[in-house]
Amino acid sequence: MVRKISKFLAKNILTIFLGCLLVIPVLVLLCNWISDFGNSAVSGLFKKDNLILIGKSFLLSGTASLLATSLGSVCGFILNKYTFAFKGFYKLVLLIPLLIPDYVYAVAWKDAWQLLFGAGTNINSYTTVIFVHILVFSPIAMLITGSAISQVNRGIEEAGLLMISFRKMLLKILIPIIRPSFTISFLLILIFSLSDFSVPAFFGVRTFTTEIFTQFSAFYNYQAAMGQSVFLLVICMILMFSESRYLSDAPFFAIHTKGSNPKLYNCDNLKFLLHSFLILQLLVAVILPVFILFFQSFSGSEFLLGKAWKLLSPTILQSSVLALSSAFIISVIGLWTSWLKEREKYKLPNTVLMILFIIPSTVLGIAIIGFFNKPVLNFIYASSLMIIIGYIGRFAFISARILGNGIRQIPLSLEEAATVAGIGSLRKYLKITLPLLIPSLFASFVLVFILCFGELGTTIMVYPPGTELMPVKFFTISANAPQALTSSMSLINFGIIISFIGTFYIIGRKVFKRFSYE
Amino acid sequence: MNKILSIFSLIFLSIIYSGCKNRNNEVIVYCSVDQIFSEPVLKDFEQQTGIKVRPVYDTEETKSTGVLNRLIAEKDNPQCDVFWSGDPLRNNVLRLKGITTPYISNQTELIPRYFRANDNQWIGFSARARVLIFNKKLITMDSLPGSILDLIKPKYRGKFAMANPLFGTTTFHVAVLFTYLGEEQARQLLNNLKTNDIVIATSNGDVKKRVIQGEVAFGIADSDDAFEAKKESRDVDYIFLDQQKNGIGSLIIPNAVSLIKNSPHNENGKKLIDYLLTRETEIKLAKSCAQMPLIKDTEVPSGIPSLDDILPMKVDYDQTSQTLEKTQTWIKEWLEK
């Protein structure tokens, strides 16, 4: 009986917890929308203008996603299949675009363009948005594809190479094996690109997401904004459903290689070509934008780095503590969700997190404000718990995917052996599964920390009065600040994230060494 | 592992504790005026009165989405005491939704009647003006347009920028033009501006940046943007448009402050409003961002324009709000053409 109850609790407490914190608020918002506006709200969605706009947005994001996946996959392949000097350096530095907020990236790239080709050059177009999205999102494909490639067993490749050429082996064996990683990269980038507001808005390109924002903020038209959000949500859900139905076993961002010892190739005759390719990407995606930020920081009529530090320094502690606690809580939720999905075959919490992940940040913010702003819940509403709840909705899915991959790589035989020896479920989990998952947990913690540290969309909607957080302060100060001050703040922001990553890297090396089981 | 768990538990409990604290001696203000200018004023209030100010900042450049939507969502259980906005339009949105409440005091009476809502649900102070900001390297003072109506002349084709009229103070400016010129003429003006290849920037800050960088020769922005631009670059200057005798005048946009209905710290909210409506605050804002005091006989720092020296556009703020509602859809279509 006790066992049954504990199993029931382990299975359902998380679902209840997520339901109360996030699902009910979203459902309440949705029900209010339907009851307030009825059929007119739904029929309004299928107007010709809406359909054309969503078609255009898909074309833009689809193109960006396709090209970003191709570029990232090529980089992932080169960096995980060939041996050459500075490989580790390239792997690390090419991830930098993920760390710079995309609106800062857009500003830096536009300024770089004008510096190179003159101030009068007009670059406001769909092409520029696609270009910036490719640069910002291709590291995602690089990570996922790289991870997939490094898990391919060398025996398969070697057997293939005995019979066929390298080119044929690549086309007939390796690419088909890692194909799901291309699809998941494409889908994730497509969703990120579709839901991005800042880059299209900056370049004056109208997309479905900018339209939702316009309805919210220029017209205060909740009916239209909610309707369009639901429309976008349904489309993203269909995409993500296909992802979870057909690709949930695809590598996402694996930390271990499960003893697969991937095959590496020498590239003596390709060395120059590979270095040129990677240096060119480094130049376009990293060096140029960062150089522009430096250039602008020191180009103003006064030196503003000190002032920028004075403005941002009070936010560092609060932002760090909040991002660290959120990363911890989210990793625990991710661990629980992924364990239920992978070992108990109970997918509901994972599906809930997936749906929350694709809800536009403004909608999520309004949903949790509407639900928690009650006198009896003031202890939540008036505290930073609101931000943590928002972060759970935004990022717990990513953590669950990373940890799901980690769990899948732990041989079931270990747990089966423990069961045969009569070891209980909890002890088995604490003594076998958890220690083996520490590297994945650590990776999830670091990635979620970075995402929480820079999140703006939900944070600006829900942060409690009097709280000073770095992304909010950066955004509100930079609105009317001189360019040199904005660039100085970007550099400081960037520097702080890099310092954290450096610290995590040092800790991570120890963690990976201690808990590696290869 | 236990140590890590203890640290995170402690942090978690302190976060919950922060939400449970009893806070009587405080005031919560939602502010869409740029933080770089509003924060020092709120800090001074805190020092002078001992009342803790807990602000939530947003900005016109982010279209006030955060605070406005938050205030609307919080309508049934208000958390905010005072809303300080960069223009009266946002306050009018809240007023129409029944979120603000009238406030009258000795201090509000110092503000000219013209810069207050008829029912005192918002009170104006320290105003900005819409100005023409230009790059001296690209256009001489003599060649500049004297009126907003001159922008349709072929010689200015593709040379000027304006922020997206769906957001920020540009919304207000366009709505005023619709009220002043009448719907037909205003539509004609905007269509002609489009034919003359007007550059639509994302915000006034973006207009400022494009002028400084020389991407366009001039643009329409707010006087505080122009003031900042002059500090950033020696090549930039600004003028007030439509200052000719019988001209339509320059649009004056006051800050606006509102008391929130059923707010938790109502009395402290009133004290903050009274503080914002003092001469001292107006002088501070004049010094920091060139805003023009509205209280009569307030000393204007040198280099800052005074309302006495400008021909202002005659605006009925309530009527403009109504016009705005009617014209927004057309303006959106105009933008998308």
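Within each chain, residues carry numbers counting from 1 in the order of the written sequence. Here every chain gets a letter starting at A, and every ligand a number starting at 1, in the order they are written. Under the rules for a predicted model, residues below a pLDDT of 70 receive no local features and side-chain atom pairs below 80 are neither given nor counted, while totals for whole chains, interfaces and linings still include all residues.

J.: Would you mind going over the overall build of chain A in detail, with residue names and values included?
T.: Helix numbers and strand numbers start at the N terminus; a helix is a DSSP run of H or I with at least 4 residues, a strand a run of E with at least 2. Scanning chain A from terminus to terminus reveals 21 helices and two strands. Here the C-alpha radius of gyration of chain A, 24 Å, is about what a compact globule of 518 residues would show, namely 24 Å. Its C-alpha atoms give chain A principal-axis dimensions of about 65 × 60 × 50 Å. Here chain A, with 518 residues, has 47% of them falling under the buried criterion. Residue pairs qualify as contacts under a 7 Å threshold applied to their C-beta atoms, which are placed from the backbone. If you take every contact in chain A between residues at least 6 apart in sequence, the share linking residues at least 24 apart comes to 84%. Each radius of gyration is computed over the set of C-alpha atoms, and the globule rule expresses the reference value as 2.2 Å times the number of residues to the power 0.38. To sort residues by exposure, count the other C-beta atoms lying within 10 Å of each residue's C-beta; 20 or more gives buried, 12 or fewer gives exposed, and values between give partly exposed, all with C-beta atoms placed from the backbone.

J.: Could you give an account of the overall build of chain B, with specific residues and numbers?
T.: Looking only at helices and strands, chain B has eleven helices and ten strands in total. A compact globule built from 337 residues should have a C-alpha radius of gyration of about 20 Å, and chain B, at 21 Å, falls within 12% of that. Residue burial in chain B is summarised as follows: out of 337 residues, 53% are buried. Considering only residue pairs separated by 6 or more positions, chain B has 75% of its internal contacts joining residues 24 or more positions apart.

J.: Quick one: what's the story with the environment of Phe219(A), residue by residue and with numbers?
T.: Positionally, Phe219(A) belongs in the loop between α9 (208–217) and α10 (222–246). C-alpha separation for the pair Phe219(A) and Leu288(A), spaced 69 residues apart in sequence, amounts to 38 Å. If we ignore the near neighbours within four places in the chain, the residues touching Phe219(A) are Thr214(A) and Gln328(B).

J.: Now, about the nonpolar core: what can you tell me, with residues and values included?
T.: A set of buried Ala, Val, Leu, Ile, Met, Phe, Trp, Tyr and Cys residues, joined to one another through C-beta atoms within 7 Å, is what we call a nonpolar core. In terms of nonpolar packing, the biggest core is built from 237 residues, with Val29(B), Val82(B) and Ile133(B) touching the most fellow members. Of all the elements, helix α5 (residues 126–149) of chain A adds the most residues to this core, at 15 residues. If we skip the residues at most four places from it in the chain, Val82(B) touches Val27(B), Val29(B), Val257(B), Leu259(B), Ile260(B), Gly269(B), Leu272(B) and Ile273(B).

J.: Any chance you could break down unusual backbone geometry for me, citing the residues and the numbers?
T.: Phi angles above zero are rare outside glycine, and Phe86(A) is one such case at about 60°. Mapped onto the elements of the fold, Phe86(A) is located in the loop between β1 (82–83) and α3 (87–93). Overall, Phe86(A) belongs to the exposed group, with 11 C-beta atoms counted inside 10 Å. One non-glycine residue, Asp297(B), adopts positive backbone phi at about 65°. Inspection of the secondary structure assignment puts Asp297(B) in the loop between α10 (279–289) and α11 (317–336).

J.: Kindly report on the packing of helix α2 (residues 35–49) of chain B against α10(B), identifying the contributing residues and their values.
T.: Residues and elements named next belong to chain B. Look at α2 against α10: their axes get within 10 Å of each other, and the N-to-C directions meet at 150°. One finds that α2 runs roughly antiparallel with respect to α10. Judged by the sense of rotation from one axis to the other, the crossing of α2 with α10 is right-handed. Facing Phe 37, Pro 40 and Val 41 of α2, the residues of α10 in contact are Thr 281, Lys 284, Leu 285, Ser 288 and Cys 289. Under this grouping Gly is polar, as are all residues other than the nonpolar Ala, Val, Leu, Ile, Met, Phe, Trp, Tyr, Cys and Pro and the charged Asp, Glu, Lys and Arg. For the contact of α2 with α10, the per-class residue count stands at five nonpolar, two polar and one charged. In this analysis, axes come from line fits to C-alpha atoms, helices being fitted only over the stretch in contact, and the angle between any two N-to-C directions falls in the range 0 to 180 degrees. Relative orientations are named as follows: roughly parallel for angles under 35 degrees, roughly antiparallel for angles over 145 degrees, roughly perpendicular for angles from 65 to 115 degrees, and oblique for any other angle. Left-handed describes a crossing in which the near helix is turned anticlockwise from the far one by less than a right angle; the clockwise case is right-handed.

J.: Before we move on, can you summarise the domain arrangement of chain A with the specific residues and values?
T.: Domain start and stop points were drawn from an automatic or database domain assignment. Taken domain by domain, chain A consists of domain 1 (1–44 + 309–518) and domain 2 (46–152 + 179–290). Just the C-alpha atoms count here: the centres of domain 1 of chain A and domain 2 of chain A sit 21 Å apart.

J.: For the environment of Val56(B), give the residues involved together with the corresponding values.
T.: Structurally, Val56(B) is set in strand β2 (residues 52–57). When the C-alpha atoms of Val56(B) and Ile152(B) are compared, they prove to be 41 Å apart, with 96 residues separating the residues in sequence. The contacts of Val56(B), once residues within four sequence positions are left out, are Tyr463(A), Pro465(A), Tyr30(B) and Val67(B).

J.: Just give me the short version of the environment of Glu280(B), but keep the residues and values in it.
T.: Residue position: Glu280(B) is located in helix α10. Expressed as a C-alpha distance, the spacing of Glu280(B) and Ser147(B), which sit 133 residues apart in the sequence, is 34 Å.

J.: Describe the domain arrangement of chain B, listing the residues and the values that go with them.
T.: Domain annotation of chain B identifies domain 1 (24–127 + 253–305) and domain 2 (128–251 + 323–336). On the domain 2 of chain B side, the residues contacting the twelve residues of domain 1 of chain B number 14 residues.

J.: How would you explain the pairing of strand β8 (residues 218–222) of chain B if you had to name every residue and give the values?
T.: Residues and elements named next belong to chain B. For β8, the tally of buried residues reaches five of five residues, placing the bulk of the element in the interior. Burial of the side chains of β8 extends over both faces: Phe 218, Ile 220 and Asp 222 are buried on one face and Gly 219 and Ala 221 on the other. In the sheet, strand β5 (residues 123–135) pairs with β8 via five bridges, with the strands oriented antiparallel. Looking at β8, one finds that Ile 133 is bridged to Gly 219. The pairing criterion for strands is at least two bridges between them, as found by DSSP.

J.: So what about the confidence of the model for chain A? Which residues, and what values?
T.: Residue-level confidence of the predictor is what pLDDT reports, using numbers from 0 through 100. On average, residues of chain A score 83 in pLDDT, and 91% of them reach the 70 mark or higher. Looking across chain A, the model is least confident in α10(A), with a mean pLDDT of 75, and most confident in helix α2 (residues 48–81) of chain A, with 91.

J.: Could you give me a rundown of the confidence of the model for chain B, with the residues and numbers involved?
T.: Within chain B, residue pLDDT values average 89, and 93% of them lie at 70 or more. Reported confidence for the predicted complex is 0.76 by ipTM and 0.82 by pTM.

J.: Outline the packing of helix α17 (residues 412–420) of chain A against helix α18 (residues 425–454) of chain A, listing residues and values.
T.: Residues and elements named next belong to chain A. Two elements in contact, α17 and α18, have axes separated by 10 Å at closest approach and are oriented at 145°. As for how α17 packs across α18, the hand of that crossing is right-handed. Taking contact as the criterion, the partners of Leu 414, Glu 415, Ala 418 and Thr 419 in α17 are, on α18, Lys 428, Ile 432 and Thr 433.

J.: Lay out helix α4 (residues 88–96) of chain B in plain terms, naming residues and giving numbers.
T.: Residues and elements named next belong to chain B. For α4, the tally of buried residues reaches eight of nine residues, placing the bulk of the element in the interior. If you check which residues of α4 are buried, you get Pro 88, Leu 89, Arg 90, Asn 91, Asn 92, Val 93, Leu 94 and Arg 95. Positive backbone phi, at 75°, marks Gly 98, one or two positions downstream of α4.

J.: Let's hear about the pairing of strand β6 (residues 160–163) of chain B: which residues, and what values?
T.: Residue and element names in this part refer to chain B. Going residue by residue along β6, you find Phe 160 and Met 162 tucked away on one face and Ala 161 and Ala 163 tucked away on the opposite face as well. Summarising the sheet, β6 and strand β7 (residues 199–201) pair through three bridges and their orientation is parallel. Of the residues in β7, the one forming a bridge with Met 162 is Ile 200.

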